[in-house]
Amino acid sequence: MRDIQSIISNAGYFFAARSVANVLRAAYVIVLARMLGPELYGLLAYGQSWYTVFVPLTSLGFAVLLAREAGQDRARGQALAVQILVLHRPLTLFAAALCAGIGWTINAEPAVRLLLGVFSLALIGRAMAVMADEIFAAFEISHLAFRQEAMFRPAEVGVGLAILVAGGGVLEIAILHAAIQIVQGMRGLALIRRHLAVLRGVSAWRPSGSVLVRGMLAGMAGLFSGWLLQGPLLIYAQVSTDKVSVGQLALVLQALVLLCNLPWAVGRSALPVLSRAKARDDGSSVRYADAMLRLAFILAAALGLAGMAIGPWLMVSVFGTGYSTAGTLLGPALWLLLPLTAATALNPLLMVRERYGAAGLSALAGAAVMAALVPVLATSMGPLGAIAGAGAGFSLWAMCLLGLVGRQKGVTIGLAIIRPGIVATIALFAYLTMQSTGAGPLWGLAVAWLILLLAGVGLCMVTAERRALVAVFAELWARTFRRAS
C-alpha cells in the first residue's frame, strides 16, 4: 500500500507540474501559432525539437540507476547522485557543442543556424532542469518539480506574450526560452543542494567509470526514444519543400507529446517503487503493467476518437483557418498515444531488471523503422505519411518491449491486451458506422465514448476493481445526498 501511495503521490506532483506547464504552454502555442503563422511556427518547433533530441546525451541512463539505488537505499542513492552530477557537466557541454555543430552543418540558411545556436544554449539549461527533476523523482520529493514548473512556466509565457505584442519574432522567443531554461536549471541544482546535501564534500571525485558505463547502457533507450518522438518532425522538415505543412505537422505532434503527460508521470514516478517491488517479487510489477496497458488502450481510443470527430473544427476555431490541415491530422496523431503509452509503461520494467541492452535495442528498432519510413511515406502522403511512419516506429518499439516483458510473465495478456483491444475496436467501429449513416461527428463521438465506458468497465476491469469503483461512487453519492439534506 505504501508503494502504491508513493506512486500516486509522486506521479500526482509530476502530473500537476506537467499539467501546469502544458496548460500554459497550450495557451502560449495558440498565440504563437496564430501570430507567427504555420511557416514561422514550424521553424520555431523545428528548433525546439532539434535541441530536445540531444538532451538525453546529457544524462544518459543516470535517472534509472539513481531511481534503483535510491529506491533501495537512500544513502547509497545520495552518493551516486554526487557522482552523476559531476559526470553531467562535461556531458552537457559535449551535447551542446554537438547540437550546434551538426545543426550548423546540415542547415545552410543563416537564420536557421543562428536559431539552432540559441537553442544549443537552451540545451544547457534544459539539461540541468531535467537532471534536477530526475533526482527529485528518485528521492520521491516530486513536489519540488511542481514548484519549479509553477514558477518558471508562467514567467516564460508572460514575457513571451509581451515580446510578441512588442513585435518580436522567432529569434526573440528562442532567446527567452534559453534564458528561462538556464535560470530554472540553476535553481533546480540549488534545490538539490538544499534538500539532499548533494555536492557537499570531496566524495564527488570518487572514480565514476563504472557509473558512466552503466549510464551509457541504460541511456540507450532514452536516446532512441527521444529520437522516436522528435525525429518525425525533423526528418519531414528536411524532405518537405512545403514549409507550411511543417508547421501543421509540428502542431499535432506537439499536441501528442502534451497528452502523454499522465502516463509519463506515472512511469517516471514508478521507477524507485518498481525497484523495491523487484526485490520483494510480490507481483506488483505485473499489476502495474496490466493497469498501464489498459490505460493505454482506453486513453488512446478516447482521445483518438475525439480528434477524429472535432479535430477539424477545433484546429480552425482555435488556431485559425491556416491550420485546417492540422485538423485532419489530429485524429490519426492522437491514436499514436496507444503505442507511446504502452512503451512508456513497459520500459521501466526492463530498467529495474537491468535489461538495459534489451530496452535500448527495442527503442533502436523502432527508431530505425521510423527513420526509414518517414521520408518514403512523406514523399507520397505529405504530413500524414510522417505520422504513419512514426506510428510504425512507435508500434514496433512497444511490441518489442511487450515481448521482452511478457516472456518473464510480466503481463497478463488477456486482461491487459486482448480485452482493451476489443473494446477500442468496437468503439472505433461504432464511430465509423455512425459516420457512414450520416450522423454528425458529435453524435458518433457520444455513442463511441458510451460504448468505450460501458465495455471498458465490463471487460477491462476485474471484479475487485469494479467493486472499488462502485464503492467510490457510492461514497460520492452519499456525501452529495448529505450536503443536499
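Residues numbered from 1 in each chain as written. Predicted model: local features only at pLDDT ≥ 70, side-chain atom pairs only at ≥ 80, totals over all residues. Heavy atoms only, no water.

Undergrad: Could you clarify how one ought to interpret the overall build of the protein chain in this entry?
TA: When you go through the protein chain residue by residue, the secondary structure sums to 18 helices and zero strands. Out of the 485 residues belonging to the protein chain, those deemed buried represent 52%. Restricting the contact set of the protein chain to residue pairs at least 6 apart, pairs at least 24 apart contribute 83%. Within the structure as shown, the protein chain displays about 20,700 Å² of accessible surface, and the carbon and sulfur contribution to it stands at 70%. (Helix = DSSP H or I, 4+ residues; strand = E, 2+ residues; numbered from the N terminus. Buried < 20%, exposed > 50% of the residue type's maximum accessible area, 1.4 Å probe, protein only. Contact = heavy atoms within 4.5 Å. Areas by Shrake-Rupley, 256 points an atom, 1.4 Å probe, with all protein chains shown as cover.)

Undergrad: Help me understand the packing of aromatic side chains, please; the structure alone is not making it clear to me.
TA: For any pair of aromatic rings, geometry is given as the distance between the ring centres together with the angle between the planes. Applying the stated criterion to the full structure yields four aromatic pairs. Each ring, one from Tyr 46 and one from Trp 50, has its centre 6.4 Å from the other, and the planes form 25°; the classification is stacked. Taken together, the positions of Tyr 46 and Trp 50, both in helix H1 (residues 2–54) and four residues apart, correspond to about one turn of that helix. Neither Tyr 46 nor Trp 50 differs from the other in exposure class; each is buried. An aromatic cluster is defined as three or more aromatic residues linked by ring pairs; in this entry it consists of Tyr 46, Trp 50 and Phe 54. (Phe/Tyr/Trp six-rings, centres within 6.5 Å; stacked < 30°, edge-to-face > 60°.)

Undergrad: Can you help me understand the packing of helix H12 (residues 324–334) against helix H15 (residues 383–407) in this one?
TA: Viewed as axis vectors pointing N to C, H12 and H15 meet at an angle of 5°, and their least axial separation amounts to 10 Å. By the angle class used here, H12 and H15 are roughly parallel. Two secondary-structure elements touch here, H12 through Leu 329, Pro 332 and Ala 333 and H15 through Pro 383, Leu 384 and Ile 387. Here the residues of the contact of H12 with H15 are counted per class, giving six nonpolar, no polar and no charged. (Axes fitted to C-alpha atoms, helices over the stretch in contact; angles between N-to-C directions. Parallel < 35°, antiparallel > 145°, perpendicular 65-115°, else oblique. Nonpolar A, V, L, I, M, F, W, Y, C, P; charged D, E, K, R; others polar.)

Undergrad: Hey, could you run me through the packing of helix H13 (residues 337–352) against H15 in this one?
TA: For any two helices packed against each other, the geometry comes down to the angle between their axes and how far apart the axes lie. Packing of H13 against H15 leaves a shortest axis separation of 9 Å and a crossing angle of 35°. Viewed along their axes, H13 and H15 form a crossing whose handedness is left-handed. From H13, Pro 339, Leu 340, Ala 342, Ala 343, Leu 346, Asn 347, Leu 349 and Leu 350 reach across to H15, where they touch Phe 394, Ser 395, Trp 397, Ala 398, Leu 401, Leu 402, Leu 404 and Val 405. When grouped by side-chain class, the residues that make up the contact of H13 with H15 number 14 nonpolar, two polar and no charged. (Left-handed = near helix turned anticlockwise from the far one by under 90°.)

Undergrad: When you look at the environment of Leu 384 in this model, what are you seeing that I'm missing?
TA: In this structure, Leu 384 sits in helix H15. Residue class for Leu 384 comes out partly exposed when judged on its relative accessible area of 34%. The spacing of Leu 384 and Leu 249 is 135 residues in sequence and 8.2 Å in space, taken between C-alpha atoms. When sequence neighbours within four positions are dropped, the list of residues in contact with Leu 384 reads Leu 329 and Pro 332.

Undergrad: Help me out: how do you make sense of the nonpolar core in this one?
TA: When a protein is soluble and globular, its nonpolar side chains tend to lie buried together. Tyr 41 and Val 252 are the most contacted members of the largest nonpolar core, which totals 136 residues. Sequence-distant contacts of Tyr 41, that is, excluding residues within four places in its chain, are made with Val 29, Leu 32, Ala 33, Leu 36, Gly 247, Ala 250, Leu 251, Gln 254 and Tyr 323. (Core = buried A, V, L, I, M, F, W, Y, C linked by side-chain atoms within 4.5 Å.)

Undergrad: How should I be thinking about the environment of Ala 237 in this particular structure?
TA: Inspection of the secondary structure puts Ala 237 in helix H8 (residues 209–239). In the structure, Ala 237 is positioned 138 residues away from Pro 375 in sequence and 9.9 Å away in space, judged by C-alpha atoms. The contact partners of Ala 237, leaving out residues within four places of it in the chain, are Tyr 46, Lys 243 and Val 246.

Undergrad: Honestly, the side chain of Thr 58 in this entry has me stumped. Any pointers?
TA: Secondary-structure assignment places Thr 58 in helix H2 (residues 56–59). Polar side-chain contacts of Thr 58 include one of 2.6 Å to the backbone oxygen of Val 55. Contacts of Thr 58, omitting those with residues within four sequence positions, involve His 88, Leu 91, Thr 92, Ala 95, Leu 123 and Ala 127. (Polar contact = N/O pair within 3.5 Å; in protein donor to acceptor, adjacent residues only side chain to side chain.)

Undergrad: Looking at this model, I keep getting lost on the confidence of the model for the protein chain. Mind explaining?
TA: Note that predicted coordinates carrying low pLDDT should not be read in detail. Averaged over all residues, the pLDDT of the protein chain is 81; the fraction at 70 or higher stands at 83%. Predicted confidence for residues 1–12 stays below pLDDT 50, and this span has 20 contacts to residues more than four positions away or in other chains. A low-confidence stretch, residues 201–205 (pLDDT under 50), is modelled with four contacts involving residues beyond four sequence positions or located in other chains. (pLDDT = per-residue confidence, 0-100.)

Undergrad: Help me out: how do you make sense of the side chain of Glu 156 in this one?
TA: Turning to its location among the elements, Glu 156 is positioned in helix H6 (residues 143–165). Overall, the relative accessible area of 8% leaves Glu 156 in the buried class. There is a polar contact of 2.8 Å between the side chain of Glu 156 and the side chain of His 177. Setting aside chain neighbours within four positions, we find Glu 156 in contact with Tyr 28, Leu 176, His 177 and Ile 180.

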